[in-house]
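Structural description and commentary
Below are the chains, spelled out letter by letter.
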Amino acid sequence: STKSLSSIIFLLLWISHYGYRSLIYPFLLRGNKRMSLSIVLMGATFNTINGYLQGRWLFTFVSDTFYSADWFYGYRFILGMVLFFGGMLINRHSDFLLRNLRAPGETDYKIPYGGFFNLVSAPNYLGEIIQWFGWALATWSLAGLVFAVWTTANLLPRAIASHRWYKQRFSNYPSTRKAIIPFLL
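Throughout what follows, the structure given in this document is the object of discussion. (Residues numbered from 1 in each chain as written. Predicted model: local features only at pLDDT ≥ 70, side-chain atom pairs only at ≥ 80, totals over all residues. Heavy atoms only, no water.)

Taken together, the side chains of Ile 49, Tyr 52, Leu 53, Phe 133, Leu 142, Leu 145, Val 146, Val 149 and Trp 150 define a hydrophobic patch exposed on the protein surface, amounting to about 810 Å² of accessible area. For the nonpolar patch, the secondary-structure elements that each account for two or more residues are α2 (37-61) and α5 (142-169). The biggest single contributor to the nonpolar patch is α5, with 5 residues. Locating Phe 133 in the fold gives a position in helix α4 (residues 123-139). Residue classification places Phe 133 among the partly exposed residues on the basis of a relative accessible area of 34%. (Patch = residues over 30% accessible without salt bridge, like charges linked within 9 Å, V, L, I, M, F, W, Y side chains within 5 Å. Areas by Shrake-Rupley, 256 points an atom, 1.4 Å probe, with all protein chains shown as cover. Salt bridge = Lys/Arg side-chain N within 4 Å of Asp/Glu carboxyl O. Helix = DSSP H or I, 4+ residues; strand = E, 2+ residues; numbered from the N terminus. Buried < 20%, exposed > 50% of the residue type's maximum accessible area, 1.4 Å probe, protein only.)

Following this line, the structure appears as structure tokens:
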């Protein structure tokens, strides 16, 4: 059925993000920075609730006719996928640049450059927000929209705080660089 096909496609997209984020990304990080148990538990709680909501939408709540055969040719799905994969690309490239800021053994902080870092202080967060708004559009679901808004509510203040920290720490921080939205914020 079309519902089954669409649910599997969306599940594979979900796994493409969270498989990378949980099974690959942690092993790419350098250093031995410890993470507090409270952060781990909050992340697990968020992802459990969010995974449940997204899964229930895709596999239970959506009707058999909601994702018709032409859904995959419609503007919502196509634009959603452009945003999803564009955001994923921005996020992963920004993570790559951050991981490679320091040479092995270096511990000092540096200003990141390249990619979207030339425009904003937190392009990794920007990419993640774009990705999940793409998901919301492609799935055309309240669960997807809630997730995108929830992600923004979490990452926007962190981006602003990071931007403030960079500006305080580095006198030569690029003055035209914004926190998270190019040319605006």
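Continuing now.
It is at 8 Å that the axes of α4 and α5 come closest, and there the two elements cross at 170°. Here α5 runs roughly antiparallel to α4, going by the angle between their axes. Of the residues in α5, those touching α4 at Tyr 125, Glu 128, Ile 129, Trp 132, Phe 133, Trp 135, Ala 136 and Thr 139 are Gly 144, Leu 145, Phe 147, Ala 148, Val 149, Thr 151, Thr 152, Leu 155, Arg 158 and Ala 159. Its residues assigned to classes, the contact of α4 with α5 comprises 12 nonpolar, 4 polar and 2 charged. (Axes fitted to C-alpha atoms, helices over the stretch in contact; angles between N-to-C directions. Parallel < 35°, antiparallel > 145°, perpendicular 65-115°, else oblique. Contact = heavy atoms within 4.5 Å. Nonpolar A, V, L, I, M, F, W, Y, C, P; charged D, E, K, R; others polar.)

Helix length check: α2, at 25 residues, gives a terminal C-alpha distance of 34 Å against a target of 36 Å (1.5 Å per residue), a fit within 8%. Bending of α2 peaks at approximately 25° at the position of Gly 55. Here α2 has its buried residues at Phe 46, Asn 50, Gln 54, Trp 57 and Leu 58. (Expected span 1.5 Å × (residues − 1). Bend = angle between axes of the 7 residues up to and from the residue.)

Counting residues in each nonpolar core, the largest one holds 22 residues, and the members touching the most others are Phe 10, Tyr 67, Phe 77, Phe 84, Trp 132, Trp 135 and Phe 147. Sorting the residues of this core by element identifies α1 (2-28), α2, α3 (75-99), α4 and α5 as the ones contributing at least two each. If sequence neighbours within four positions are ignored, Phe 77 has contacts with Ile 9, Phe 10, Trp 71, Phe 72 and Ala 138. Residues Val 120, Leu 126, Leu 155 and Ala 159 belong to the second largest nonpolar core, which totals 8 residues. (Core = buried A, V, L, I, M, F, W, Y, C linked by side-chain atoms within 4.5 Å.)

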